[in-house]
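Structural overview for review
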Amino acid sequence: EADEDGYLCLQFDDERLVHIQYGDEDDRITLLTEVGPIDPEYETAIYRRLLEANLLGLETAGGTFGLQLGGQVVMLQRVLPVSAPFTTFDKSLREFVDTADEWAARLESVPAGWELESEKERNLVRLPDDDEFVQSPGEEDQDDGFIRV
């Protein structure tokens, strides 16, 4: 049961905590959960990937990634209208938890589960007939099948 401020916390699978806050001034429900810590060695690549995932909410089930104060823990937030039917709320809550779990697993697998590219690789566009990217240091001026942008 929610407290007098409209807050309650639910626990899923003995580990995932979802904070739920009702905002009566704007008639909405905010869901918030911790996704996981950021590996400092890969933080630039992780931030980039999270920003890409945030775009339009397509990879976040309508949620938004952010950073906890201090900047080393990824959080997932989603806002729902209070007017939504319970079945919509229930479905949205399940999607929210599943999305957080999926991204937590991704963060734990960095770099093995991620395609982390160097800045040099990001500036290369593969032509359609290329099978692999192989370039040794010092070969920048050779015709290697890449267009530099």
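Owing to the predicted nature of the structure, the values given are computational and were not obtained by experimental measurement.

Before going further, it helps to spend a moment on helix 2 (residues 86-108). Think of an α-helix as 3.6 residues a turn; residues three or four steps apart then line up on the same face. Over its 23 residues, helix 2 extends 33 Å from the first C-alpha to the last, a length consistent with the 33 Å expected when each residue adds 1.5 Å. Within helix 2 the residues assigned to the buried category are Phe-89, Ser-92, Leu-93, Phe-96, Val-97, Thr-99, Ala-100, Trp-103, Ala-104 and Leu-107. Where the residues of helix 2 are buried, they touch strand 1 (7-12), strand 2 (16-23), strand 3 (28-37), helix 1 (43-54), strand 4 (64-67) and strand 5 (73-81).

What follows covers the nonpolar core. Counting 22 residues, the largest nonpolar core has Val-18, Leu-31, Val-35, Phe-65, Val-74 and Phe-89 as its most contacted members. Contributing elements (two or more residues each) for this core: strand 2, strand 3, helix 1, strand 5 and helix 2. Looking at this core, the element that brings in the most residues is helix 2, giving eight residues. Discounting chain neighbours no more than four positions away, the residues touching Leu-31 are Val-18, His-19, Ile-20, Leu-76, Gln-77, Arg-78, Leu-80, Phe-89, Leu-93 and Phe-96.

It is worth spelling out the sheet that holds strand 4 at this point. With antiparallel pairing, five strands are arranged side by side in an open sheet as 1-2-3-5-4. The open sheet has two free edges, formed respectively by strand 1 and strand 4, since each of these has just one partner strand. Averaged over all neighbouring strand pairs, the angle between strand axes comes to 30°, with direction disregarded. Bridge count between strand 4 and strand 5: four bridges; the pairing is antiparallel.

Structurally, Glu-59 can be placed in the loop between helix 1 and strand 4. The sequence separation of Glu-59 and Trp-103 amounts to 44 residues, and the corresponding C-alpha distance is 9.5 Å. If we ignore the near neighbours within four places in the chain, the residues touching Glu-59 are Arg-49, Glu-52, Ala-53, Thr-99, Trp-103 and Arg-106. Side-chain polar atoms of Glu-59 contact the side chain of Arg-49, separated by 2.4 Å.

The next thing to look at is the confidence of the model for the chain. The pLDDT averaged across the chain works out to 80; a share of 74% of its residues lies at or above 70. Within the model, the stretch residues 117-137 combines pLDDT values under 50 with 32 contacts to residues more than four positions away or in other chains.

Here the focus is the pattern of salt bridges. With the rule as written, the count across this model stands at nine salt bridges. Note that Arg-28 and Asp-26 form a salt bridge whose closest N and O atoms lie 2.6 Å from each other. The exposure class assigned to Arg-28 is partly exposed, which follows from its relative accessible area of 36%. By relative accessible area, which is 35% here, Asp-26 ends up partly exposed. One salt-bridge network, held together by shared partners, links Arg-49, Glu-52, Glu-59, Glu-102 and Arg-106.

What counts and what doesn't
- Residues numbered from 1 in each chain as written.
- Predicted model: local features only at pLDDT ≥ 70, side-chain atom pairs only at ≥ 80, totals over all residues.
- Heavy atoms only, no water.
- Helix = DSSP H or I, 4+ residues; strand = E, 2+ residues; numbered from the N terminus.
- Expected span 1.5 Å × (residues − 1).
- Buried < 20%, exposed > 50% of the residue type's maximum accessible area, 1.4 Å probe, protein only.
- Contact = heavy atoms within 4.5 Å.
- Core = buried A, V, L, I, M, F, W, Y, C linked by side-chain atoms within 4.5 Å.
- Pairing = 2+ DSSP bridges.
- Axes fitted to C-alpha atoms, helices over the stretch in contact; angles between N-to-C directions.
- Polar contact = N/O pair within 3.5 Å; in protein donor to acceptor, adjacent residues only side chain to side chain.
- pLDDT = per-residue confidence, 0-100.
- Salt bridge = Lys/Arg side-chain N within 4 Å of Asp/Glu carboxyl O.

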